Amino acid sequence: MNRSRYIGLLLMLVWTSTATAQRAADTDDRATMLQRIDARRDSYATVAKQIWGFAEVGYQEEKSSALLQQQLRAAGFQVKAGVADIPTAFVATFGSGKPVIGIVGEFDALPGLSQEAQTAARHAIEDNAAGHGCGHNLLGTGALAAAVAVKEWLASSGHAGTLRYYGTPAEEGGSGKVYMVRAGLFGDVDAVVSWHPGDRNEASPTSSTANITGKFRFRGVAAHAAAAPDRGRSALDAVEAMDYMVNMMREHVPQETRIHYIITRGGAAPNVVPDFAEAYYYARQPNMRILDGVWERIVNAANGAALGTGTKMELEVTGAVYNVLPNEYLSGVMNRNLERIGGFSYTPEEAKFAEEIRKTLTDPPDVAIGSQEAVRPLRTGAVNSSSTDLADVSWTVPTVSMTAATFAPGVPAHSWQATACAGGTIGVKGMMVAAKSMALTTVDLFTDPAHIQKAKAEFDQKRGPNFKYTTRLADRKPALDYRK
Ligand SMILES: [Zn+2]
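Now for a look at the structure at hand. Source: prediction; values computed, not measured.

### Some thoughts on the sheet that holds strand β3 (residues 100-105)
Part 1: A sheet is described by the order of its strands in space; here six strands give the open sequence β1-β2-β4-β3-β5-β10, paired in mixed fashion. Whereas interior strands pair on both sides, the edge strands pair on one side only; in this sheet they are β1 (78-81) and β10 (399-405). Across the sheet, the axes of successive neighbouring strands diverge by a mean angle of 20 degrees, strand direction being ignored.
Part 2: As paired strands, strand β2 (residues 90-96) and strand β4 (residues 161-167) are joined by seven bridges and run antiparallel to one another. Along β4, the bridge assignment pairs glycine 95 with threonine 162.

### Quick notes on the side chain of arginine 476
Part 1: Along the chain, arginine 476 turns up in the segment after α13 (449-463).
Part 2: By relative accessible area, arginine 476 is classed as buried at 18%.
Part 3: At a separation of 2.3 Å, a polar atom in the side chain of arginine 476 contacts the main-chain carbonyl oxygen of valine 317.
Part 4: Discounting residues that sit within four places of it in the chain, arginine 476 has contacts with Tyr179, Arg182, Glu316, Val317 and Thr318.

### Considerations on the coordination of the zinc ion
Part 1: Looking at the zinc ion, the protein donor atoms are Cys134 (SG), His136 (NE2) and His196 (NE2), and they sit 2.0 to 2.3 Å from it.
Part 2: Going along the chain, you hit the donors of the zinc ion in the pattern C-x1-H-x59-H. A residue pair is termed long-range when its members are at least 10 positions apart, and histidine 136 in helix α4 (residues 136-157) and histidine 196 in strand β5 (residues 191-198) qualify at 60 residues.
Part 3: Accessibility expressed as a relative area gives 21% for histidine 196, which makes it partly exposed.

### Focus on a nonpolar patch on the surface
Part 1: On the surface, a nonpolar cluster with roughly 320 Å² of combined accessible area is contributed by Tyr244, Met245 and Met248.
Part 2: Tracing the backbone shows tyrosine 244 in helix α6 (residues 235-249).

### Let's talk about the packing of aromatic side chains
Part 1: Inspection of every chain in the model, using the stated rule, returns 15 aromatic pairs.
Part 2: Between the aromatic rings of tyrosine 322 and phenylalanine 467, the centroid separation amounts to 6.4 Å while the plane-to-plane angle is 75 degrees, which identifies the pairing as edge-to-face. Of the two residues, tyrosine 322 is situated in the loop between β9 (312-321) and α8 (328-341) and phenylalanine 467 in the segment after α13; the sequence distance between them amounts to 145 residues.
Part 3: Accessibility expressed as a relative area gives 9% for tyrosine 322, which makes it buried.
Part 4: Members of the aromatic cluster, connected to one another through ring pairs, are Phe216, Tyr261, Tyr281 and Trp295.
Part 5: Taking NZ or CZ as reference, lysine 49 lies 5.3 Å from the ring centre of tryptophan 52, over its face.

### Overview of the environment of lysine 63
Part 1: Positionally, lysine 63 belongs in helix α3 (residues 62-74).
Part 2: Overall, the relative accessible area of 51% leaves lysine 63 in the exposed class.
Part 3: Considered as a pair, lysine 63 and lysine 456 are 393 residues apart in the sequence and their alpha carbons are 36 Å apart.
Part 4: If we skip the residues at most four places from it in the chain, lysine 63 touches Phe54 and Glu56.

### Brief notes about the packing of helix α2 (residues 41-54) against α3
Part 1: At a minimum axis distance of 9 Å, the contact between α2 and α3 shows a crossing angle of 160 degrees. Accordingly, the angle class assigned to the pair α2 and α3 is roughly antiparallel. Classified by chirality, the crossing of α3 by α2 is right-handed. Taking contact as the criterion, the partners of Val47, Gln50, Ile51 and Phe54 in α2 are, on α3, Lys63, Ser64, Leu67, Leu68 and Gln71.
Part 2: Taken together, the residues of the contact of α2 with α3 break down into five nonpolar, three polar and one charged.

### Some words on the environment of leucine 473
Part 1: By the secondary structure assignment, leucine 473 is in the segment after α13.
Part 2: In the structure, leucine 473 is positioned 392 residues away from alanine 81 in sequence and 22 Å away in space, judged by C-alpha atoms.
Part 3: For leucine 473, the residues in contact, after removing those within four places along its chain, are Ser175, Val178, Tyr179, Arg182, Val317, Thr318, Gly319 and Ala320.

Conventions adopted
All residue numbers refer to positions counted from 1 along the written sequence of the respective chain. With pLDDT at 70 or above as the cut-off, local features in this predicted model cover only qualifying residues; side-chain atom pairs require 80 or more to be listed or tallied, and sums for whole chains, interfaces and linings still use all residues. Side-chain measures here rest on the full set of heavy atoms in the structure, leaving out hydrogens and waters. For two strands to be treated as a pair, DSSP must find at least two bridges joining them. Each helix corresponds to a stretch of at least 4 residues labelled H or I by DSSP, and each strand to a stretch of at least 2 residues labelled E; elements are numbered beginning at the N terminus. Angles run from 0 to 180 degrees between N-to-C directions of axes, and those axes are lines fitted to C-alpha atoms, restricted for helices to the stretch in contact. Under the scheme applied here, a residue whose accessible area is under 20% of the maximum for its type counts as buried, over 50% as exposed, and between as partly exposed, the area being computed with a 1.4 Å probe on protein chains only. Whenever two N or O atoms come within 3.5 Å, that pair is a polar contact, provided that in protein one can donate a hydrogen and the other can accept it, and provided that, for residues adjacent in sequence, both atoms are side-chain atoms. Residue contacts are counted whenever heavy atoms from the two residues lie within 4.5 Å of one another. Water is not part of the atom set, so a site may look incomplete; the donors themselves are N, O and S atoms within 2.8 Å of the metal, or 3.2 Å for Na, K and Ca. Patches here: salt-bridge-free residues with over 30% relative accessible area, like charges joined within 9 Å, nonpolar side chains (Val, Leu, Ile, Met, Phe, Trp, Tyr) joined within 5 Å. What sets the accessible areas is the Shrake-Rupley method with a 1.4 Å probe; for residues, cover comes only from the shown protein chains. For this document, the term salt bridge refers to a Lys or Arg side-chain nitrogen within 4 Å of an Asp or Glu carboxyl oxygen. Any Phe, Tyr or Trp ring, taking Trp's six-membered ring, that has another such ring centre within 6.5 Å forms a pair; planes under 30 degrees apart are called stacked, those over 60 apart edge-to-face, and the others tilted. Lysine and arginine charges are scored as sitting over a ring when NZ or CZ, respectively, is within 6 Å of the ring centre and within 35 degrees of the ring normal. Here the word oblique covers every angle except those under 35 degrees (roughly parallel), over 145 (roughly antiparallel) and from 65 to 115 (roughly perpendicular). For any pair of crossing helices, the crossing counts as left-handed if the nearer helix is rotated counterclockwise from the farther one by less than a right angle, and right-handed if it is rotated clockwise. Residues were grouped as follows: Ala, Val, Leu, Ile, Met, Phe, Trp, Tyr, Cys and Pro as nonpolar; Asp, Glu, Lys and Arg as charged; and all remaining residues, including Gly, as polar.

Rendered as structure tokens:
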């Protein structure tokens, strides 16, 4: 062997063993990180239970937001609160430079879903009060657990980069993230990692429906309903006429469309012609452009109803979110980590509770108890008919999300059954799966620049060269009182 070949071989050996040592160190670091998350399980269970107990609805999450901020500050993050003109929105930052990875946490509750924890019969803690029927108490806390763990990993491994925790209020119909996107808070972010509670462990790249929401307010003329009905112009008539037209319209929209409404104001007494009435509408569609057209027709129905009833109509658009732009590459990365973490088993008490609560569902569930022990195989092209404001983030930054089995198999979100699970031990178990999978995924993104490059390439290709993000909420202030 000549001298230069010998040196070359020696260098290669050194390089290989360094790389091997590096990989072994990385593996150790990750294992340590996961152990730390596990070690703090009780503390995170307490935080999740506290937020569950606060049960604060959109834009009113003062205590929940403050608790998460306090946890992040204590862990060494710099916290900026009240961002994007939203008192309960915040961004917590650690580290500096590129890449910038965001972890998203939500924490708002749903009106009317108050329910005792881990109880398989309908028992509201307080009648008509709010409850965590979407498990956002777990969502915000699981994201916190992941962020703190990755922060410690960043600090000890010496990797460069910026980690952010986005505290995002009012996911449920308030479009909180849309205002945060609009404020440019995601402008320098390379990738976003999140999760959502559900009844299964899955990291498939699923989309969602785009959603536009608004309050249609009609003003008429009050009059004695018996003595002088001819002098009155009923605002409730306008709401009913609008609803009637929209209900007929259902037959003439693409069938994946969803339209729902409630009458939020319908008059004060039957013997007074109502001079004010209000309908609160949601319209959803897997395609934002089609939804735009459907929404215009709903607005036309409202205008027609006003014309026909001699009333005046005023519309407040309270929310607008896109359909999620899934990132298959990032979902693949997250799925590998979710598979590494795996599902979890129930204790006999948990299994009994799950069995009992499943009996309260309208239809027999299509997923079995025990399915929470496994990870669902990846599937592509699925579209959830629900909506999320994470969608607007996903059109701004490559975004990945997963589901963990925090609800008993078959229990749907937005139900009292979900509130019961989200406040109990099953919820915490699912949250831990999500926290660990998110932490590993975020570490992957910090460690290997190829992940971000590939995610970005897919993102650019899917958005197309001419895509420009716009929102119907372009110039409105956040609807901070939409739950009042
Ligand atoms: Zn939700």
